[in-house]
Structure formats: C-alpha cells, structure tokens
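Understanding the architecture of this molecule
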Amino acid sequence: MQLSERSFNVVADVFHRVSGIRLVPAKRQLVIGRLQKLATEKGLSSLDEYVDKVIKAGDERELVRVVDRLTTNETYFFREPAHFEFLADMVARRRPGQEFRVWSAASSSGEEAYSIAMLLADKIGLSGWKIVGTDLSTAMVDAARKALYPMERARNTSPQYLKRFCMRGSGPYEGQLLVSKELRANVSFEQANLMQPLPDIGKFDVVFLRNVLIYFDADAKLDIVRRVSPLIKPGGYLFTGHSESLSNLPTGLTSVKPAVYART
Ligand SMILES: C[S@@+](CC[C@H](N)C(=O)[O-])C[C@H]1O[C@@H](n2cnc3c(N)ncnc32)[C@H](O)[C@@H]1O
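Because the structure is a prediction, the values reported are computed rather than measured.

Y50, I55, W103, V207, L209 and L238 are the most contacted members of the largest nonpolar core, which totals 49 residues. Listed by contribution, the elements that provide at least two residues to this core are α1 (5-19), α2 (28-41), α3 (47-55), α4 (60-70), β1 (100-105), β7 (204-209), α10 (218-228) and β8 (232-240). The greatest single-element share of this core, amounting to six residues, is contributed by α1. Residue-level mapping places this core at the junction of two domains, with at least three residues from each of domain 1 (5-70) and domain 2 (82-262). Leaving out residues up to four positions away in the same chain, L238 has contacts with V207, L209, V225, V228, I232, L246, L253, A259, V260 and Y261. Of all hydrophobic cores here, the second largest spans 40 residues; its members include L87, I116, F165 and Y237.

Another aspect to go through is the sheet that holds strand β3 (residues 148-150). Strand order in the open sheet made by the three strands is β3-β5-β4, with antiparallel pairing throughout. Only two strands of the sheet have a single partner each, and these edge strands are β3 and β4 (166-168). When the angles between neighbouring strand axes are averaged without regard to direction, this sheet yields 30 degrees. Sheet analysis places β3 next to strand β5 (residues 176-179), joined by three bridges and oriented antiparallel. What sits directly across from Y149, in β5, is L177.

By the assigned domains, the protein chain splits into domain 1 (5-70) and domain 2 (82-262). Relative to domain 2, the C-alpha centre of domain 1 lies at a distance of 29 Å. For the pairing of domain 1 and domain 2, the buried interface totals around 670 Å² over both sides, and the portion due to carbon and sulfur atoms is 54%. Put simply, domain 1 and domain 2 have one salt bridge between them. Among the salt bridges present, the one from D217 reaches R22, with a minimum N-O distance of 3.7 Å. If you look at where domain 1 meets domain 2, you find four residue pairs in polar contact (both at pLDDT 80 or more). Per-element accounting of the side of domain 1 that touches domain 2 gives the leading share, three residues, to α4. A class-by-class count of the residues in the side of domain 1 that touches domain 2 yields four nonpolar, two polar and two charged.

Reading guide: rules and limits
Think of each chain on its own: its residues are numbered from 1, step by step along the sequence as written. Per-residue local features of the predicted model are confined to residues with pLDDT of at least 70, and side-chain atom pairs are confined, for both listing and counting, to 80 or more; whole-chain, interface and lining totals are unaffected and use all residues. To obtain the side-chain values, all non-hydrogen atoms of the structure were used and water was disregarded. By nonpolar core is meant a set of buried Ala, Val, Leu, Ile, Met, Phe, Trp, Tyr and Cys residues that side-chain atoms within 4.5 Å join together. When a residue's accessible area, from a 1.4 Å probe over protein chains only, is under 20% of the maximum for its type it is buried; when over 50% it is exposed; and in between it is partly exposed. Helix numbers and strand numbers start at the N terminus; a helix is a DSSP run of H or I with at least 4 residues, a strand a run of E with at least 2. Each domain's extent was defined by an automatic or database domain assignment. Contacts were defined at the residue level, with two residues in contact if any of their heavy atoms lie within 4.5 Å. In short, DSSP must find at least two bridges between two strands for them to pair. The convention used is that axes are lines fitted to C-alpha atoms, helices contributing only their stretch in contact, and that angles between N-to-C directions extend from 0 to 180 degrees. Take the accessible area each of two parts loses on contact, using a 1.4 Å probe, and add the two losses: that sum is the buried area. We define a salt bridge as a contact between a side-chain nitrogen of Lys or Arg and a carboxyl oxygen of Asp or Glu at a distance within 4 Å. Whenever a nitrogen or oxygen atom comes within 3.5 Å of another N or O atom, the pair is scored as a polar contact, on the condition that within protein one atom can donate a hydrogen and the other can accept it, and that pairs from neighbouring residues in sequence are kept only if both atoms are in side chains. Each residue receives one of three labels: charged for Asp, Glu, Lys and Arg, nonpolar for Ala, Val, Leu, Ile, Met, Phe, Trp, Tyr, Cys and Pro, and polar for the others, Gly being one of them.

In structure tokens form, the structure reads like this:
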C-alpha cells in the first residue's frame, strides 16, 4: 500500500498530539507496514483513504488502535540487568516495615514489571511490596494483565526464577510461559499517557522509566522527568534506559550510576 506525504503528515501529527512522539519522514515505510492491516479491516484498499475517512474523522476508538500500532513495544524479561543488581542492593538496605513500591512507567507488555516482581518475591517474600505498570497502549496493558509470554522473552531469566515464578505452557500453550498467580497478585497495570497529567498512583521507592524517553525531544523528556520525580520517595531512584542520558537536563535529580538517578 502507498501513503502520500500529505497523509503521512496527518498520521504523524495525530500520533505526536497523542503520544508526544515525533515520526520523522524516514518512518513512512514503517507507518505503512503497521497501518495497512487497519485499512484492510475497514474494507479500504488504500491508506490515503483510511487517513481521509477514518483518521481525519477523529473516531476515538480507531485512534487508540492507530496509536497502539505505531508505538514500539519491544521488551523482554530482565532487560538491562545492571538495574536489577542495583535494585537487589537497595532491597537489602531497605528500612523494614514499609511497603516497597515500584512503578514500571512505560511497561509495554509487562515483562519489566514481572521481572521486578520475581526479584522482590525472591528477596522480600510474596508480600510487603507492590508494582504498578502503566503504558500508553491499551493493547499492551491488556497483554500485561494476561501475563502469558513466548518462552523466548525469558532468555535472560534464571532457571531458578522460571521454576519458582512461572508455569510452562503445554498443549496449545507449548512454547509459552504464564507468570504465577502469586506474583500477579502484587502487580497491577493501567493505561496512562506520560504526556498528560499522571494518574494518582502513590509514591515509589523506584521508578523504571526505561526505553521510552528516547522517543521524545529534550523539552518533552525534561517535562516528563520533572512530573515523574515528585512520585519518587526522597532517597528513591529513577532508572532510565542505558541509551537515555539525562545528564544535560536540569531535572533536579542526582546521577549516581549510568542510567540511575537519585531523588535526594
Ligand atoms: C520499547 S517499550 C519499553 C518497555 C520497557 N520499559 C523496557 O525497557 O523494556 C516503550 C513503551 O513506551 C510506551 N509509550 C510510548 N509513548 C508513551 C507515552 N506518551 N506514555 C506512556 N507510554 C508510552 C509504548 O507504548 C511502549 O510500550
């Protein structure tokens, strides 16, 4: 399918308005690949028609589907392991008695949140901690709640954790894993857009804000970090992706290690 420059600009504007992410012209082919299924489902044979008849009409439900298709959701269990080592140290030093709370902000399909859950269950036990996962994409939030994954996504997970915290699928679920009910009980997911006022989800010992800031320009990145920071308890930490430095931005946080920032 083709997508004219004019239609591409319409899609890019809508996506930027909703998500804060700018689609550069070089992404035109990617947009075609991701949206053509939506056009076909509407019985339309061209993407320009889809843009004119559906996107421009502003149907909210369809816009959610467009945004879902255009976000990049790649993730896997125990991605960027240095953060999990840091977290394990933090947990060992924590003040007992207080619930340990972690926010996976941009949780995608939930692997990050459940990796944190495995570590906390191992170090603290099955209670005394809570994890909240949020993501812009409703499709990803639904997937995270299901907690069913291709085995391949757990390639960085220790065999001990797999055995303790996951069930191996069989029959129609062959090659998949389901995160255990005990872990799921302490992990919740909801839809939230980092570009909009943040939901009332309490304060956190650690916020994982990883592999999402990369999509925003410096102003949007700073704005997000400044609004997320007050949700970190004093003495708590913000983790970003290792390719997402905040070093040149006046965030008010203190850099303590690569991709680890403290709220002092
Ligand atoms: C590459 S995934 C990162 C997942 C996980 N944090 C990790 O590091 O593996 C990026 C996620 O950011 C989400 N996202 C993009 N823009 C967002 C926004 N404005 N608000 C909330 N989430 C957003 C996408 O839907 C996607 O699931």
